[in-house]
Amino acid sequence: MIVVESSEETSGVVMEMSGAEVKMSQTSISYGSELPMLSDKSQFPSFLRTVPSNIFQITAMVRLIGHFNWTWIGMIISDDETGLQGGQDLKAAIEHNKGCVAYMEKTHATYNRTIILTVAKYIQRHTAKVIIVYSSVVHVKNLLEALSAQNVTDKTFIFSTSFTMTLGLFSKQAWRLFNGSLGLVLRITKMPGFEEFLTRLNPMRDPNDRFIKLFWEKAFNCRWLASNGSGTLTPVTQGGTVTSCFEKQTIEKIHLSEFELNDLSSSYHTYLAVFALAHAVTSLMVCTPGQGPFGNGACADNSNIKPWQVLHYVKRMNLSLKIGAQISFDENGDAPSAYDIVNVQIFNYEEIQLVNVGNFDSQQDTHININNSAILWGENTQLTSSLVHSTHTVTLSFLQLPRSVCSEECPPGCRQAAIKGKPICCFECIPCAQEEIRDPDTDECMKCPDDQWPSSKHDQCIPKVIEFLSFDEPLGYTLSFAAAFLALTAACVLGIFLKYGSTPIVKANNRRLSYLLLIFLKLCFLCSFIFIGRPTKLSCMLRQTIFGIIFSISVSMVLAKTILTVIAFKAKLPNSPARKLLGGKTPSCIVSLCSLIQVVICALWLAKSPPFPEPDLLSYNEKIIVECNEGKHFFYWMLGYMGLLATVSFIVAFVSRDLPGSFNEAKLITFSMVVFVSVWISFIPAYLSTQGKYMVAVEVFAILCSSAGLLGCIFFPKCYIILFRPDMNSRHNIIGRKNVGTIRKHQEHKRRRS
C-alpha cells in the first residue's frame, strides 16, 4: 500500500479541474455517475468511479427504514432514466424486505403547476408518513415548495445522495417541511488547502472564467461592466445603493458560508479522481525498465502513453491518503465508499442544522449505525414537556419516532390476514386457533407441541398441567380418608368378632369364614390406595388385578356363607343328607374354585397385555392426563366374572331369604348383594362417561361403596346385637320358636308319607 501525502499545490490543481469525469484518452474516472450498469466491465471495461453504485445507496435506504420499522413508504422519483430505474430497484428492495411502497409519484422540472399541485395534494392526503425522495433538487424543488405551501408537517422525508443539502436552494419556510428528515450524503474528509484555494479565487487570475465573475457579483452584491469587464465603475441601482465590482476585492472579506460548504461530495470525489489518475500517471512515468508491470518487465513509453497502460495502474491502485481517505477500485471499477446519515434540525424556526446521526459503509452493507438519541424528528405531535438537547431546549414531541405503517402490528395471539386487493403491509388481525400461538418474532400462528398449551394471551407455549388423582387434592384425600376410615371400621368389626367369637351369633354362620371375609373386606378398602397417586408401571399392573382378585374372593366368601346358610337349615331336619356338607371343606372348595377362575383371568391379563402408564395428550387441550392403559378385553372379563359371582350370590340369597329364624342370615346377604350389584351396575355407565382422574375416582368410589355395603349389611346388625342387645345373643333366640315348629312339621310330614 502506497501512502500519498497531499500538498497545497496538488490540492489546488485538483480543485481547478471540473466536469463529471476526469479523463485521459479512453480511461475515465467518474466522481458522480452512480448507475449500476456502469459496473458491468463487459460493456464499460475502462470506466471507474470514486462514488459507489446506486446498489449501495438502495441497500442503505432499505436498512435505514428497516431500522425504524417503517413499512409503509411513499416515493418521489425524478421522471428520467436515473429516477425511473433507481425507483424500481428501490421499490423491489423494499418489498423484498417485507416493506410496501404506498405510491411512487414522478416529478420533473418541466412539469406544469397543475400536475405539481395534483401530486402534492395526493401526497398530503395519503397515510404514508415516510417519503423517500429519489431525485435531484432541480426536479423535485417545485413539488417540495408546493408541499410547503400546503403546510405539510406530518411527513418525514428521506433524501437520496442526489438531493444536495444546500441551504440556499429553499426558503426558510420551505426548510420547515424538512424538519426532522434524514438524508444520505457521501462521506467526505477535509481536503487540505481547499479553503485556502477558495480564498485565493480572483477574476484577475482567470479573466475568462465567467463563473467566478457571477460568484463575485453574488458574494459582493455588485455588477461588472458589461462591455469589457475592466472593472470600471458602473452605476447600478441596488436597493437605492450604487455598487460596483472591483478586482481588488478579496474572498477574505466575506464569510465562507457563502460557498455553501455543507455538501462538498462532488468536489471531494473529484479530488479523489484527480489524485487517482495523477498517481497512476506518476507511477507509470517513474517506472524502472526491467521492473515494469508489462511483458518481460517492460515499462510504458513516456512519449507515447497508451490508455490501457494508464488503466492498468489505476485498477491496481491502493492508496491511503494522509487525510484518512483510501483510493482503490474493485473488480467492477467501484471505489470503497461510505454514507453519512444527516438529520435536518431547525431551532426557533430560524437556525437550520444538518447533524450527522449515523453512517453506512458500503464494504459492510449488512449493518447501519444510527445514534437514535441524536435525532430530532418533525413537530408532528402535540407539544407536551421540554428538555435540553445539546445547547437547545426541545420538546418531547421532537423525540417521538414517527410511525409509518399501513396496519398496526397484530397483538400477540393474532395473525395477519391479507386484505384482498391491498399490499402485504395492509392486513387485518385474526385470532389464532385455540391450540396455536404467535409470538412477536413470527408472522404466522404455530401449533404448540403436544405437551404444551398456549398461554392466555396466545403469545407463548406453556407446559400442560399433568393431571392424575393425587393425594394432595381434595378429591384424592377425601377418598383416601374414606378408605382409611372404612378399613379401620372393618378392623374394629373383626376385633369385635374375635372378642365375642364364642357367642352364638358369631358361631352361627361359620365364624372362620366371617373372619376371613372381614379381613378381605379390609383389603378391599385398602386396595383403593393403589388407584390414588401418579400411575407407574407397577401400580398400573397391580391396581386392577389385585382389586379383581380380592373382590372375587370376598364375593366368593359371601356366596359360600349363603350356601352354608341354606345347608345349615336343611341339616337341622332329621336324617338330612345336608349334614355331610357342613364340614370345613365345603366353604373352602367354594371360595377356592370361584377365586381360581379370577386369578387365571388376571394372570392371562398380565401375561398377554399388562396395563402400563400412558399420558393422554389429546383428550384435553390444557392438560395431560396420566392414566393406565388397561386395554378393554381383560378388564371387562374381570368385571364380568365378578358380576357373575355377585349375581349368583344374590340369587341364592334371594331364594333363601324366607328361611325361618329370628335372625335370618340370608336376608342380610340379600340386602348386601342388592347394594353390591346396584353399585357396580351404576358404575359401568359412570365409568365410561368420565375421563382422567374422575374415571379413577368413580372406580374408587364404587370399590368403597360396594365393600361398605357388604360390611354394613352383613356385619353391622350382628355387632348391634353383640354390643347393645346381649340378651338376644343366645342359641334359643338364634334358632327361634318358629324354627323349632318348622322342624317338627317337617318330621311329622315325613312320618305320614312313610
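These notes cover the structure that comes with them. What you are looking at is a predicted structure, and each value in this text was computed from that prediction instead of being measured. (Residues numbered from 1 in each chain as written. Predicted model: local features only at pLDDT ≥ 70, side-chain atom pairs only at ≥ 80, totals over all residues. Heavy atoms only, no water.)

## Some points on the overall build of the chain
- Within the chain, the regular secondary structure consists of 21 helices and 27 strands.
- Looking at the 754 residues of the chain, the share that counts as buried comes to 47%.
- Restricting the contact set of the chain to residue pairs at least 6 apart, pairs at least 24 apart contribute 66%.
- Surface accessibility of the chain: about 38400 Å² in total, with carbon and sulfur atoms responsible for 57%. (Helix = DSSP H or I, 4+ residues; strand = E, 2+ residues; numbered from the N terminus. Buried < 20%, exposed > 50% of the residue type's maximum accessible area, 1.4 Å probe, protein only. Contact = heavy atoms within 4.5 Å. Areas by Shrake-Rupley, 256 points an atom, 1.4 Å probe, with all protein chains shown as cover.)

## Quick word on the nonpolar core
- Grouped together as the largest cluster of nonpolar side chains are 69 residues, with contacts concentrated most on F497, F547, W680 and F715.
- Of all the secondary-structure elements, those providing two or more residues to this core are helix 11 (474-499), helix 12 (504-507), helix 13 (511-526), helix 15 (537-571), helix 16 (585-608), helix 17 (633-655), helix 18 (665-688) and helix 19 (693-724).
- Sort the elements by how many residues they give to this core and helix 19 lands first, with 15 residues.
- Those residues in contact with W680 that sit more than four places away from it in its chain are F547, F551, L639, M642, A702, I703 and S706.
- I131, M165, L177 and I352 belong to the second-largest nonpolar core, a separate cluster that totals 35 residues. (Core = buried A, V, L, I, M, F, W, Y, C linked by side-chain atoms within 4.5 Å.)

## Some remarks on the packing of aromatic side chains
- One pass over the full model with this rule turns up 27 aromatic pairs.
- With a centroid separation of 5.2 Å and 90° between ring planes, the pair formed by F68 and W377 is classed as edge-to-face. On the criterion of sequence distance, the pair formed by F68 in the loop between helix 2 (54-67) and strand 5 (72-78) and W377 in the loop between strand 16 (369-370) and strand 17 (386-389) is long-range, its members being 309 residues apart.
- Look at W377 and you get buried, because its relative accessible area is 4%.
- Their ring planes at 75° and their centres at 5.4 Å tell us that F497 and F715 sit as a pair that is edge-to-face. Separated by 218 residues along the polypeptide, F497 in helix 11 and F715 in helix 19 bring together distant segments of the chain. (Phe/Tyr/Trp six-rings, centres within 6.5 Å; stacked < 30°, edge-to-face > 60°.)

## Section: unusual backbone geometry
- Even without being a glycine, N151 presents a positive backbone phi close to 60°.
- The topology assignment puts N151 in the loop between helix 5 (137-149) and strand 8 (156-159).
- One non-glycine residue, N296, lies in the positive phi region at around 60°.
- Position of N296 relative to the elements: it lies in the loop between helix 9 (265-285) and helix 10 (307-315).
- By relative accessible area, which is 85% here, N296 ends up exposed.

## A closer look at a nonpolar patch on the surface
- Taken together, L516, I519, L523 and L526 make up a surface patch of nonpolar side chains, about 270 Å² in accessible area.
- With respect to the helices and strands, L516 occurs in helix 13.
- On the basis of relative accessible area, L516 is assigned to the partly exposed category, the value being 32%. (Patch = residues over 30% accessible without salt bridge, like charges linked within 9 Å, V, L, I, M, F, W, Y side chains within 5 Å. Salt bridge = Lys/Arg side-chain N within 4 Å of Asp/Glu carboxyl O.)

## Considerations on the packing of helix 18 against helix 19
- Look at helix 18 against helix 19: their axes get within 9 Å of each other, and the N-to-C directions meet at 175°. Considered as vectors, helix 18 and helix 19 are oriented roughly antiparallel to each other.
- Looking at side-chain class alone, the contact of helix 18 with helix 19 contains 20 nonpolar, 3 polar and 3 charged residues. (Axes fitted to C-alpha atoms, helices over the stretch in contact; angles between N-to-C directions. Parallel < 35°, antiparallel > 145°, perpendicular 65-115°, else oblique. Nonpolar A, V, L, I, M, F, W, Y, C, P; charged D, E, K, R; others polar.)

## Thoughts on the environment of V700
- Within the secondary structure, V700 sits in helix 19.
- For V700 and F525, which are 175 residues apart along the polypeptide, the C-alpha to C-alpha distance reads 9.0 Å.
- Residues within four places of V700 in sequence aside, it is in contact with L479, S528 and F531.

## Some details on helix 18
- With 24 residues, helix 18 ought to run about 34 Å at 1.5 Å a step, and its terminal C-alpha atoms sit 35 Å apart, in line with that.
- When helix 18 is considered as a whole, its buried residues turn out to be E665, A666, L668, I669, T670, S672, M673, F676, V679, W680, F683 and Y687. (Expected span 1.5 Å × (residues − 1).)

## Details of the state of the cysteines
- Per the stated rule, a full pass over the model turns up 7 disulfides.
- Note on cysteine connectivity: C100 is disulfide-linked to C425, with sulfurs 2.2 Å apart. Measuring handedness by torsion sign, the sulfur bridge of C100 and C425 sits at about 95° and is right-handed. Highlighted residues: C100 in strand 6 (residues 100-107) and C425 in the loop between strand 19 (414-418) and strand 20 (427-431), separated in sequence by 325 residues. The same class applies to C100 as to C425, namely buried.
- Two residues share a disulfide in this structure: C287 and C299, whose sulfurs sit 1.8 Å from each other. Given an S-S torsion of about -65°, the disulfide between C287 and C299 has left-handed geometry. Placement of the pair is C287 in the loop between helix 9 and helix 10 and C299 in the loop between helix 9 and helix 10, with a sequence separation of 12 residues. (Disulfide = S-S within 2.5 Å.)

## Regarding the sheet that holds strand 27 (residues 623-629)
- As summarised here, the arrangement of the 3 strands in space is 25-27-26, forming an open sheet in which the pairing is mixed. Lying at the two open borders of the sheet, with one neighbouring strand each, are strand 25 (465-467) and strand 26 (612-616). Averaged over all neighbouring strand pairs, the angle between strand axes comes to 25°, with direction disregarded.
- Alignment of strand 26 against strand 27, held across 5 bridges, turns out to be antiparallel. What sits directly across from F612, in strand 27, is N629. (Pairing = 2+ DSSP bridges.)

## Notes on the pattern of salt bridges
- Scanning the model with the defined rule gives 8 salt bridges in all.
- Close ionic contact of K129 with D154 constitutes a salt bridge, the shortest N to O distance being 3.0 Å. Linking K129 in the loop between helix 4 (113-125) and strand 7 (130-134) with D154 in the loop between helix 5 and strand 8, this pair joins segments that are 25 residues apart in sequence.
- The shortest N-O distance in the salt bridge between R187 and D340 comes to 3.2 Å. Taken together, the positions of R187 in the loop between strand 9 (182-186) and helix 7 (194-199) and D340 in strand 14 (residues 338-347) put the pair 153 residues apart, joining distant regions of the chain.

## Observations concerning the pairing of strand 27
- For strand 27, the buried fraction is high: 5 of the 7 residues fall into the buried class.
- The loop that links strand 26 with its antiparallel partner strand 27 comprises 6 residues.

## Brief notes about the sheet that holds strand 16
- Here we have 8 strands laid out as an open sheet, ordered 6-5-7-8-9-14-15-16, and mixed in their pairing. The sheet terminates laterally at strand 6 and strand 16, the two strands that pair on one side only.
- Summarising the sheet, strand 5 and strand 6 pair through 7 bridges and their orientation is parallel. In the strand pairing of strand 6, I77 is matched with K106.
- Contacts from helix 3 (residues 81-96) reach strand 5, strand 6 and strand 7, with the element oriented near 165° to strand 5.

## Things to note about helix 4
- Between its first and last C-alpha atoms helix 4 spans 18 Å; for 13 residues at 1.5 Å apiece the expected length is 18 Å, and the two agree.
- Taken residue by residue, helix 4 has I116, V119, A120 and I123 as its buried positions. Projected down its long axis, helix 4 shows its buried positions confined to an angular sector of 100°, all on one face. Relative to its buried face, helix 4 has exposed residues pointing more than 90 degrees away, namely T114, T118 and R125.
- Contacts from the buried residues of helix 4 go to strand 5, strand 6, strand 7 and helix 5.
- The backbone nitrogen of T114 lies 3.1 Å from a side-chain oxygen of the residue at the head of helix 4, namely N112. (Arc of directions from axis to C-beta. Polar contact = N/O pair within 3.5 Å; in protein donor to acceptor, adjacent residues only side chain to side chain.)

## What to know about the packing of helix 4 against helix 5
- One can describe the packing of helix 4 onto helix 5 by two numbers: an axis separation of 9 Å at closest approach and a directional angle of 55°. In terms of axis orientation, helix 4 runs oblique to helix 5. In terms of crossing hand, the pair formed by helix 4 and helix 5 is right-handed. Residue-level contacts link I116, L117, V119, A120 and I123 of helix 4 to N142, L143, A146 and L147 of helix 5.
- Taken together, the residues of the contact of helix 4 with helix 5 sort by class into 8 nonpolar, 1 polar and no charged. (Left-handed = near helix turned anticlockwise from the far one by under 90°.)

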